[in-house]
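Structural overview
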2 protein chains.
Amino acid sequence: MSDTPDSAVRMYIDTHRAAFLEDLAAWLRIPSVSAQPEHDGDVRASAEWLSAKLKETGFPVAEVWETPGAPAVFAEWPSDDPDAPTVLVYGHHDVQPAALEDGWHTDPFDPVIRDGRMYGRGAADDKGQVFFHTLGVRAHLAATGRSTPAVHLKLLIEGEEESGSPNFRALAEQHAARLAADAVIVSDTGMWDETTPTVCTGMRGLAECELQLYGPGQDIHSGSFGGAVPNPATAVARLVAALHDADGRVTVPGFYDGVAELTDTERALFAELPFDETTWLRTARSGAASGEAGYSTLERIWARPTAEVNGIGGGYQGAGSKTIIPSSALVKLSFRLVAGQHPDHIEQCVRTWAEAQIPPGIRHRITFSPATRPCLTPLDHPALQAVTRAMGRAFGKKILFTREGGSGPAADLQDVLGAPVLFLGISVPSDGWHAPDEKVELDLLLKGVETAAHLWGELAAALR
Amino acid sequence: MSDTPDSAVRMYIDTHRAAFLEDLAAWLRIPSVSAQPEHDGDVRASAEWLSAKLKETGFPVAEVWETPGAPAVFAEWPSDDPDAPTVLVYGHHDVQPAALEDGWHTDPFDPVIRDGRMYGRGAADDKGQVFFHTLGVRAHLAATGRSTPAVHLKLLIEGEEESGSPNFRALAEQHAARLAADAVIVSDTGMWDETTPTVCTGMRGLAECELQLYGPGQDIHSGSFGGAVPNPATAVARLVAALHDADGRVTVPGFYDGVAELTDTERALFAELPFDETTWLRTARSGAASGEAGYSTLERIWARPTAEVNGIGGGYQGAGSKTIIPSSALVKLSFRLVAGQHPDHIEQCVRTWAEAQIPPGIRHRITFSPATRPCLTPLDHPALQAVTRAMGRAFGKKILFTREGGSGPAADLQDVLGAPVLFLGISVPSDGWHAPDEKVELDLLLKGVETAAHLWGELAAALR
Ligand SMILES: [Zn+2]
Ligand SMILES: [Zn+2]
């Protein structure tokens with residue numbers, strides 16, 4: 001069992017709930033929009049506010065870390081148990097842009113509580129989910145009678161996640177020694193829905209490239225030359241068409257090398273989720289589901305690697321017509337990667353494959369962007385089981401498992417620190433990330449506090 | 001033989017050559033650029049100049065015809081032989097834009113003669129080739145002693161060809177009765193090269209469409225949804241890839257219905273032309289020739305129907321990357337048509353084919369632009385033989401046959417008037433149509449005059 005009496009945690013949270021929510025609201029009032037230069041000062045104010053709040057919470061160390069962009073916050077609270085494992089919490093204090101005229105019912109930067117929800121930009125993504133760790137660690141101490149956490153606790157809360165984390169990997173590398181941890185807890189995701197608490201076990205990786213094809217030295221007349229020279233727009237289309245076979249599998253040789261296939265247990269666990277394809281299609285605003293044969297929609301988006309066209313272009317795209325053979329065309333491809341795939345290998349495979357597709361008379365150039373590796377924690381990993389137990393105690397329910405189809409800076413921490421990445425999030429799809437009327441469900445937020453309160457004891461036991 | 005003593009024609013041309021070139025230079029000084037509104041007055045001045053010059057030449061009727069855009073010029077010179085056939089000459093008096101800073105060695109609108117060439121915008125396309133008919137008809141009369149041409153001669157010289165002839169078909173329909181003719185002579189093309197006089201026997205037709213594909217209701221995240229919903233950029237690529245088979249043949253069912261296959265004679269005549277693929281590829285600025293299997297390059301561009309991508313687009317095409325599944329994609333296709341194909345049938349075939357290509361979850365819309373029909377005069381047509389004989393007398397050489405891969409307003413005259421279209425042009429590829437330093441070879445220009453002088457007698461005999 002656990003070293004934290006669950007009722008003591010609940011009592012502590014009840015007592016401090018009002019002050020906690022007031023503090024969160026104060027933080028949400030700082031419009032820390034990293035994408036808008038006019039809010040640079042607000043992003044800095046947000047970092048300073050958080051740093052001060054973490055000191056007030058009891059973290060002996062709380063610092064603002066500079067980057068070439070927006071500042072991050074680092075905090076550390078060593079355990080008095082020298083053998084305790086070290087855990088690093090990741091989140092971000094910057095938010096998406098928001099304006100009343102986008103369709104908000106109240107000022108996005110003047111949070112209000114309505115019907116058990118707090119509305120405001122950042123309420124769920126990600127200030128609310130960072131902030132539950134402050135009351136969480138206090139409840140952990142109060143309920144256990146400890147003066148320091150059961151783990152060496154570290155927090156790294158970045159300030160540029162909503163701008164693509166351009167400086168995050170360099171920051172992690174620069175401070176790798178101080179960030180060293182036995183496990184990383186990412187609190188920047190969510191759970192299945194209001195009544196289905198889940199733990200996310202991984203994210204897909206990402207490799208991206210732009211492929212440019214060059215045909216005639218300039219646009220040439222399709223009357224004079226049409227039908228007798230290779231057309232780069234046709235070539236790019238054939239290349240895209242050749243990317244998948246009739247079963248929706250990626251045809252690039254070597255693409256599936258090393259892919260961790262879903263186990264029967266994993267598939268069974270996915271199937272336990274109350275997935276409704278009609279609802280999902282409504283969210284996707286798509287008229288049909290389609291993809292790799294032999295896999296369900298959830299398997300396709302969480303556990304299978306993909307190749308997707310993000311953009312394609314060439315020749316005349318304006319109104320009316322223009323009878324040309326275009327001189328060039330391009331396609332932007334992204335490959336979602338799963339455990340077992342390495343971006344460098346994928347890049348090599350795609351380059352070799354693309355080269356073989358290019359017809360005579362067409363030249364090409366491929367440019368790859370920096371990649372993100374996939375991360376996946378096995379279901380039997382002790383740290384994952386600790387997170388699941390902590391959540392189970394807070395929610396009093398069986399915890400199911402999800403994954404994320406996207407990719408995130410968490411993978412950089414996995415790479416740089418060599419530590420497994422776990423996810424603890426209580427946000428739900430209805431929270432409206434990046435949308436008007438973003439909110440957090442207060443009941444779930446406090447379950448997040450409660451989970452966090454249980455987590456350090458569970459992890460200390462699991463990782464010892 | 002002919003009713004025009006060839007030496008008399010030559011003597012007449014020699015005598016009037018200087019004045020003829022001075023007149024042409026005066027016309028070239030009028031910058032009749034139809035695409036630039038600031039030159040609207042110049043286009044009108046050009047029409048008025050030409051109309052006055054045609055009256056001076058002897059045409060009893062010479063009128064400026066208004067259109068919703070730039071004015072055209074119509075002139076008529078009836079034969080005193082009531083049984084003479086009627087022939088309509090087509091050309092245009094507007095020119096492409098030109099500016100010294102584009103790379104001209106002399107002012108494009110202040111023509112100069114250098115090394116036996118007249119340099120100036122419109123020298124070849126198309127004022128020079130319209131103008132040779134003025135001295136041509138005078139030489140015809142002088143050499144034959146006639147007071148009226150051997151045919152009922154009509155001219156229609158439009159003012160918007162370089163702007164896509166937007167009002168030409170309506171103009172032809174409006175004046176169909178006055179334009180009625182037994183044959184149309186288009187003087188707006190060229191011949192193979194300086195030493196290879198040729199007669200063009202036809203132009204390909206053109207059907208154009210834009211196909212738009214719609215997927216998700218908005219751009220959606222490729223991490224959250226990638227691999228599980230249909231992507232319209234992928235769909236458009238597959239559609240384009242499916243447009244041709246491995247032999248480069250268009251796969252659209254019905255596309256080749258009625259296509260006039262090349263006869264052995266036609267292929268043999270094409271093969272007589274001094275075609276050099278390396279030189280041709282340099283002109284195309286293409287690294288390779290490719291196309292429908294079983295046909296030479298000339299056959300592909302002149303005598304085979306094609307499907308070509310003029311533009312393709314969808315999703316993110318800017319710098320860097322954007323991890324989206326785009327909500328829509330488009331492709332602009334053009335189909336070059338040959339004799340025997342009808343644009344309406346092609347449109348129906350393409351619509352049916354495209355519909356069958358669209359995967360579930362993707363909606364589509366196809367829009368066709370107004371089409372141009374192909375025109376081709378059979379090698380044994382008496383009018384074509386008359387043009388060839390007239391040219392042979394002027395050049396003193398065997399005349400070979402070419403075609404045009406492009407499409408032109410001439411096809412509208414064929415449709416509206418129901419008359420065969422013949423081509424008489426003396427311009428050569430080095431003349432630089434639409435480019436800096438456009439010029440006309442004076443020797444060839446005067447051969448054009450000479451051909452025109454022989455043509456009316458030849459046609460009168462052939463069409464009687
Ligand atoms: Zn976030
Ligand atoms: Zn022209």
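Labelled according to an unreviewed UniProt entry, chain A appears under the name Dipeptidase, originating from Streptomyces finlayi.

1. Observations concerning the overall build of chain A
Across its full length, chain A carries 14 helices and 18 strands. Relative to the globule expectation of 23 Å for 464 residues, the C-alpha radius of gyration of chain A, 24 Å, shows essentially globular dimensions. Dimensions along the principal axes, computed over C-alpha positions, put chain A at roughly 85 × 50 × 45 Å. Buried residues in chain A amount to 60% of all 464 residues. In chain A, the 38 positive side-chain charges and the 62 negative ones have mean positions that sit 2 Å from each other.

2. Structural notes on the pairing of strand β7 (residues 183–186) of chain A
Residues and elements named next belong to chain A. Because side chains alternate across β7, one face comprises the buried residues Ala183 and Ile185, and the other comprises Val184 and Val186, equally buried. In terms of strand pairing, β7 meets strand β17 (residues 421–423) through three bridges, oriented parallel. Each bridged residue has a counterpart across the sheet, and for Val184 the counterpart in β17 is Val421.

3. Observations regarding the interface of chain B and chain A
Listed by partner, the interface residues are 71 residues for chain B and 71 residues for chain A. Between the two partners, chain B and chain A, sit zero salt bridges. Per-element accounting of the side of chain B that touches chain A gives the leading share, nine residues, to strand β11 (residues 306–315) of chain B. Tallied by class, the residues present in the side of chain B that touches chain A amount to 26 nonpolar, 34 polar and eleven charged.

4. Here's the deal with the packing of aromatic side chains
Enumeration over the complete set of coordinates arrives at 28 aromatic pairs over all chains. Consider the rings of Phe225 of chain A and Trp280 of chain B, whose centres lie 5.5 Å apart with planes at 55 degrees: the pair is tilted. Note that Phe225 of chain A is positioned in helix α6 (residues 222–225) and Trp280 of chain B in helix α9 (residues 277–284), a pairing that runs across two chains. Pairing Trp49 of chain B with Phe131 of chain B gives two aromatic rings, centres 5.8 Å apart and planes at 40 degrees, and the pair type is tilted. Here Trp49 of chain B, found in helix α2 (residues 40–57), pairs with Phe131 of chain B, found in helix α3 (residues 127–144); they are 82 residues apart in sequence, far enough to count as distant. You can call Phe131 of chain B buried: its relative accessible area is 2%. Taking NZ or CZ as reference, Arg249 of chain A lies 4.0 Å from the ring centre of Tyr256 of chain A, over its face. The lysine or arginine in question, Arg114 of chain B, covers the ring of Tyr119 of chain B, its NZ or CZ lying 4.2 Å from the ring centre.

5. Some thoughts on the side chain of Glu458 of chain A
Residues and elements named next belong to chain A. With respect to the helices and strands, Glu458 occurs in helix α14 (residues 442–463). Look at Glu458 and you get buried, because its relative accessible area is 8%. Reaching out from Glu458, the side chain makes a polar contact with the side chain of Arg389 at a distance of 2.8 Å.

6. A word on the UniProt feature "domain: Peptidase M20 dimerisation" (unreviewed entry) in chain A
Within this structure's numbering, the places UniProt gives as "domain: Peptidase M20 dimerisation" (unreviewed entry) are residues 202–359 of chain A. From the first C-alpha to the last, residues 202–359 of chain A spans 39 Å; its make-up is 33% helix and 23% strand.

7. Some thoughts on the coordination of the zinc ion (ligand 2)
All names here are of chain B. Within the protein, the zinc ion (ligand 2) binds to His92 (NE2), Asp125 (OD) and Asp188 (OD); these donor distances fall in the range 1.9 to 2.3 Å. The motif formed by the donor residues of the zinc ion (ligand 2), counted along the single chain, is H-x32-D-x62-D. Residue Asp125 is found in the loop between β5 (117–119) and α3, and its partner Asp188 is found in the loop between β7 (183–186) and β8 (198–203); the two are separated by 63 residues along the sequence. As far as burial versus exposure is concerned, Asp125 and Asp188 are alike and both buried.

8. Here's the deal with helix α7 (residues 232–241) of chain A
All names here are of chain A. Of all ten residues in α7, nine are buried, a share of seventy percent or more. For α7, every residue scored as buried is listed here: Pro232, Ala233, Thr234, Ala235, Val236, Ala237, Leu239, Val240 and Ala241. Measuring from the backbone nitrogen of Ala233 back to the side-chain oxygen at the start of α7 gives 2.8 Å, which picks out Asn231 as the cap.

9. Here's the deal with the domain arrangement of chain A
Residue and element names in this part refer to chain A. As far as domains go, chain A holds domain 1 (6–203 + 374–462) and domain 2 (205–259 + 305–368). Each of domain 1 and domain 2 has a C-alpha centre, and the two are 40 Å apart. At the junction of the two partners, domain 1 supplies six residues and domain 2 supplies seven residues. Roughly 450 Å² is buried in total at the junction of domain 1 and domain 2, and carbon and sulfur atoms are behind 63% of that figure. The largest per-residue losses of area from domain 1 upon contact with domain 2 belong to Pro374, Leu376 and Ser407, which jointly make up 80% of the total buried on that side. Where domain 1 meets domain 2, there are zero salt bridges.

10. Points about the relation of the copies chain B and chain A
Between the two copies, chain B and chain A, the superposition gives an RMSD of 0.1 Å; the rotation angle is 180 degrees and the shift along the axis is 0.0 Å. The superposition operator between the copies reduces to a two-fold rotation axis. A shared interface surface links the copies, since 100% of the contact residues of chain B are contact residues in chain A too.

11. A few points about the packing of helix α1 (residues 6–28) of chain A against helix α3 (residues 127–144) of chain A
All names here are of chain A. Relative to each other, α1 and α3 sit at 150 degrees, their axes nearing to 9 Å. Between α1 and α3 lies a crossing of right-handed hand. In this structure, α1 uses Ala8, Val9, Tyr12, Ile13, His16, Phe20, Asp23, Leu24, Trp27 and Leu28 to contact α3, whose residues at the interface are Lys127, Gly128, Val130, Phe131, Phe132, Thr134, Leu135, Arg138, Ala139, Ala142 and Ala143.

12. Considering the environment of Leu156 of chain B
Residues and elements named next belong to chain B. Along the chain, the position of Leu156 falls in strand β6 (residues 152–158). Linking Leu156 and Val259, residues 103 residues apart in sequence, is a C-alpha distance of 31 Å. Excluding residues within four positions of it along the chain, Leu156 makes contact with Trp65, Ala72, Val73, Phe74, Leu88, Val89, Tyr90, Gly91, Phe168, Leu171, Leu179 and Leu413.

13. What about the packing of α7 of chain A against helix α7 (residues 232–241) of chain B?
The contact between α7 of chain A and α7 of chain B brings their axes to 7 Å, and the two run at 110 degrees. It follows from the interaxial angle that α7 of chain A and α7 of chain B lie roughly perpendicular. In this structure, α7 of chain A meets α7 of chain B at a crossing whose hand is left-handed. For the pair α7 of chain A and α7 of chain B, the contacting residues are Thr234, Ala237, Arg238, Val240 and Ala241 of chain A in the first and Thr234, Ala237, Arg238, Val240 and Ala241 of chain B in the second. Of the residues assigned to the contact of α7 of chain A with α7 of chain B, the class counts are six nonpolar, two polar and two charged.

14. Quick notes on the environment of Asp102 of chain A
One can find Asp102 of chain A in the loop between β3 (86–92) and β4 (112–114). Taking the C-alpha atoms as reference, Asp102 of chain A lies 9.4 Å from Asp437 of chain A; in sequence the two are 335 residues apart.

15. Topic: the confidence of the model for chain A
With 99% of its residues at a pLDDT of at least 70, chain A reaches an overall mean of 96. Note on the complex model: pTM 0.90, ipTM 0.90.

16. Re the sheet that holds strand β15 (residues 375–376) of chain A
All names here are of chain A. Across the sheet, three strands lie side by side as β15-β8-β16; this open sheet has mixed pairing. Pairing within the sheet leaves two strands with one partner each, and these edge strands are β15 and β16 (400–404). As judged from the two bridges shared by strand β8 (residues 198–203) and β15, these two strands associate in the antiparallel manner. Residue pairing in the sheet places Gly202 in a bridge with Leu376 of β15. Helix-sheet contacts for helix α12 (residues 382–395) involve β8 and β16, and the interaxial angle to β8 is about 155 degrees.

17. Looking at the sheet that holds strand β4 (residues 112–114) of chain B
As a general point, the strands of a sheet are linked pairwise by backbone hydrogen bonds and lie either parallel or antiparallel. Residue and element names in this part refer to chain B. Taken in spatial order, the three strands make up an open sheet running β4-β5-β18, and their pairing is antiparallel. The two strands at the open ends of the sheet, each matched to only one other strand, are β4 and β18 (439–441). When the angles between neighbouring strand axes are averaged without regard to direction, this sheet yields 25 degrees. Two strands pair when backbone bridges link them, and β4 and β5 are joined in this way by three bridges, in the antiparallel orientation. Its bridge partner lying in β5, Ile113 is registered against Met118. Along the sheet face, helix α14 (residues 442–463) touches β4, β5 and β18 and points at about 70 degrees away from the line of β18.

Definitions and cut-offs
- Residues numbered from 1 in each chain as written.
- Chains lettered and ligands numbered in written order.
- Predicted model: local features only at pLDDT ≥ 70, side-chain atom pairs only at ≥ 80, totals over all residues.
- Heavy atoms only, no water.
- Helix = DSSP H or I, 4+ residues; strand = E, 2+ residues; numbered from the N terminus.
- Rg over C-alpha atoms; globule rule 2.2 N^0.38 Å.
- Buried < 20%, exposed > 50% of the residue type's maximum accessible area, 1.4 Å probe, protein only.
- Lys, Arg positive; Asp, Glu negative; His and termini not counted.
- Charge placed at Lys NZ, Arg CZ, Asp CG, Glu CD.
- Pairing = 2+ DSSP bridges.
- Contact = heavy atoms within 4.5 Å.
- Salt bridge = Lys/Arg side-chain N within 4 Å of Asp/Glu carboxyl O.
- Nonpolar A, V, L, I, M, F, W, Y, C, P; charged D, E, K, R; others polar.
- Phe/Tyr/Trp six-rings, centres within 6.5 Å; stacked < 30°, edge-to-face > 60°.
- Lys NZ or Arg CZ within 6 Å of the ring centre and 35° of its normal.
- Polar contact = N/O pair within 3.5 Å; in protein donor to acceptor, adjacent residues only side chain to side chain.
- UniProt positions renumbered as here; feature names shortened; annotations may be inferred.
- Donors = N, O, S within 2.8 Å, 3.2 Å for Na, K, Ca; no water.
- Domains from an automatic or database assignment.
- Buried area = accessible area lost by both parts, 1.4 Å probe.
- Least-squares fit on C-alpha atoms with pLDDT ≥ 70 in both.
- Axes fitted to C-alpha atoms, helices over the stretch in contact; angles between N-to-C directions.
- Left-handed = near helix turned anticlockwise from the far one by under 90°.
- Parallel < 35°, antiparallel > 145°, perpendicular 65-115°, else oblique.
- pLDDT = per-residue confidence, 0-100.

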